Amino acid sequence: MAHLSITLFGPFQVELDGKEVTVFKSNKVRGLLAYLAVESQRVHRRDSLATLLWPDWTDKEARNNLRYALSDLRSAIGDREADPPFLTISRETIQFNTDSDHTVDVGEFIKLLSASGTSSQDIGGLEKAVNLYQGEFLEGFSISDSQPFQEWVLLKREYLHRSLVDALRQLSAVYAEQSEYEQALSYARRQVELEPWQEDGHRQVMRLLAASGQPGAALAQYETCRQLLVADLGTEPSEGTRELYRQIQNGELGSADKVITPERPTIPLGECPYRGLAVSYTHLRAHETSSMISY
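Quick look at the side chain of Thr93
Relative to the assigned elements, Thr93 resides in strand E6 (residues 93–96). A distance of 2.6 Å separates a polar atom in the side chain of Thr93 from a polar atom in the side chain of Ser90. Thr93 has contacts with Val43, His44, Arg45, Arg46 and Thr88, leaving out every residue within four places of it along the chain.

Now the structure itself:
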């Protein structure tokens with residue numbers, strides 16, 4: 001049984017039985033696979049997929065393009081030889097077959113976050129999930145002549161980014177509860193790397209450094225935060241951040257239990273709330289007729 005591996009965190013990459021698939025004829029074919037694999041929990045009408053990828057073509061031309069792209073996709077991933085096939089195809093619909101032998105890193109990421117708790121006994125899934133996140137969703141990938149697809153990518157990318165930051169915040173809090181400050185700091189610092197303009201991440205690092213007996217490093221973190229805010233946003237740290245700085249400077253920060261609680265409510269994890277939003281742009285833009293069908 002052939003195994004299909006689809007990596008969408010970072011650059012687009014597909015492997016079939018451990019060998020990289022490089023025969024995709026265009027980004028439209030790659031984009032079709034990415035969309036079907038991520039939105040695998042529902043059936044997609046061919047008309048919607050055609051408009052998603054060829055929004056400025058006539059309906060007939062867009063459907064023809066989709067038919068050619070689908071044929072190329074099936075050849076590239078060995079769908080016709082796979083048992084069961086990776087795609088479930090009818091005259092009017094297409095869906096990624098979730099019963100096929102495959103892995104999709106984004107799907108695994110969401111599944112792990114949804115199934116994981118936030119106590120020290122069940123954070124293994126959170127750690128596996130953050131390790132899957134090796135880069136932004138479809139990093140460097142674009143289909144310049146398809147605004148609906150581009151908007152879907154941006155919305156999905158933001159959702160996955162927010163989910164990662166939330167998971168990092170939770171992991172940092174759990175390890176802080178256990179006084180495992182080095183591990184807690186590694187997750188807090190990754191959060192700051194992802195969102196250097198967010199003061200709550202800097203405050204978490206400051207608290208952890210102070211709680212682990214490094215007040216000087218905590219004060220230096222404040223200065224790093226201040227410089228970033230001034231340079232990038234033209235603003236000074238908030239009163240809450242300045243007050244934390246004063247507490248650490250004066251040796252007033254209490255016990256480590258002030259470190260452990262995430263400062264913002266966690267976001268619900270699970271299926272992306274933006275699912276399929278880009279397809280709603282169907283027929284909003286006038287189709288342009290072209291004498292050539294390309295994909």
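A short note on the nonpolar core
The biggest cluster of nonpolar side chains holds 75 residues, and the ones touching the most others in it are Leu8, Phe24, Leu138 and Phe149. If one sorts the elements of this core by residue count, helix H6 (residues 147–177) sits on top with 12 residues. Residues contacting Leu138, with those up to four places away along its chain left out, are Leu8, Gly10, Phe12, Ala34, Phe149, Trp152, Val153 and Arg157.

Focus: the sheet that holds strand E4 (residues 44–45)
Backbone hydrogen bonds are what pair the strands of a sheet, in a parallel or an antiparallel way. A sheet is described by the order of its strands in space; here 3 strands give the open sequence E4-E6-E5, paired in antiparallel fashion. The open sheet has two edge strands, E4 and strand E5 (87–89), and neither has a second partner. Inspection of the sheet shows E5 paired to E6 by 3 bridges, in the antiparallel sense. Counted as the bridge partner of Ile89 is Ile94 from E6. Against the sheet, helix H1 (residues 27–38) touches E4, E5 and E6, its axis set at about 70° to E6.

A word on the pairing of E6
The side-chain alternation of E6 yields two buried faces, one formed by Thr93 and Gln95 and the other by Ile94 and Phe96. Pairing analysis gives 2 bridges linking E4 to E6, with the strands arranged antiparallel. Its bridge partner lying in E6, Arg45 is registered against Thr93. In sequence, E5 turns back onto E6 through a hairpin of 3 residues.

Overview of the packing of H1 against helix H3 (residues 59–77)
In contact at an axis separation of 9 Å, H1 and H3 are set at 75° when each is read in the N-to-C sense. When the axes of H1 and H3 are compared, the pair comes out roughly perpendicular. Each of Val29, Leu32 and Leu33 in H1 lies in contact with H3, whose residues at this interface are Leu66, Ala69, Leu70, Asp72, Leu73 and Ile77. Split by residue class, the contact of H1 with H3 holds 8 nonpolar, no polar and 1 charged.

Regarding the packing of aromatic side chains
To describe a pair of aromatic rings, you give the distance between the ring centres and the angle between the ring planes. Per the counting criterion, the structure on display carries 11 aromatic pairs. Aromatic ring contacts, followed pair by pair, group Phe12, Phe24, Tyr35, Phe137, Phe141, Phe149 and Trp152 into a single cluster.

A closer look at the pairing of strand E1 (residues 4–7)
Of the pairings in the sheet, the one linking E1 to strand E2 (residues 13–16) comprises 4 bridges and is antiparallel in character. By the bridge assignment for E2, Thr7 is matched with Gln13. Connecting the antiparallel pair E1 and E2 is a turn made up of 5 residues, with Gly10 showing a positive phi of about 90°. Sheet analysis places E1 next to strand E7 (residues 102–104), joined by 3 bridges and oriented parallel. Bridged to Ile6 within E7 is Val104.

A short note on the sheet that holds strand E3 (residues 19–20)
Strand order in the open sheet formed by 4 strands is E3-E2-E1-E7, with mixed pairing between adjacent strands. Bordering the open sheet on either side are E3 and E7, each of which pairs with just one other strand. Bridge count between E2 and E3: 2 bridges; the pairing is antiparallel. For Glu15, the partnering residue across the bridge sits in E3 and is Glu20.

About the criteria used
Residues numbered from 1 in each chain as written. Predicted model: local features only at pLDDT ≥ 70, side-chain atom pairs only at ≥ 80, totals over all residues. Heavy atoms only, no water. Helix = DSSP H or I, 4+ residues; strand = E, 2+ residues; numbered from the N terminus. Polar contact = N/O pair within 3.5 Å; in protein donor to acceptor, adjacent residues only side chain to side chain. Contact = heavy atoms within 4.5 Å. Core = buried A, V, L, I, M, F, W, Y, C linked by side-chain atoms within 4.5 Å. Buried < 20%, exposed > 50% of the residue type's maximum accessible area, 1.4 Å probe, protein only. Pairing = 2+ DSSP bridges. Axes fitted to C-alpha atoms, helices over the stretch in contact; angles between N-to-C directions. Parallel < 35°, antiparallel > 145°, perpendicular 65-115°, else oblique. Nonpolar A, V, L, I, M, F, W, Y, C, P; charged D, E, K, R; others polar. Phe/Tyr/Trp six-rings, centres within 6.5 Å; stacked < 30°, edge-to-face > 60°.

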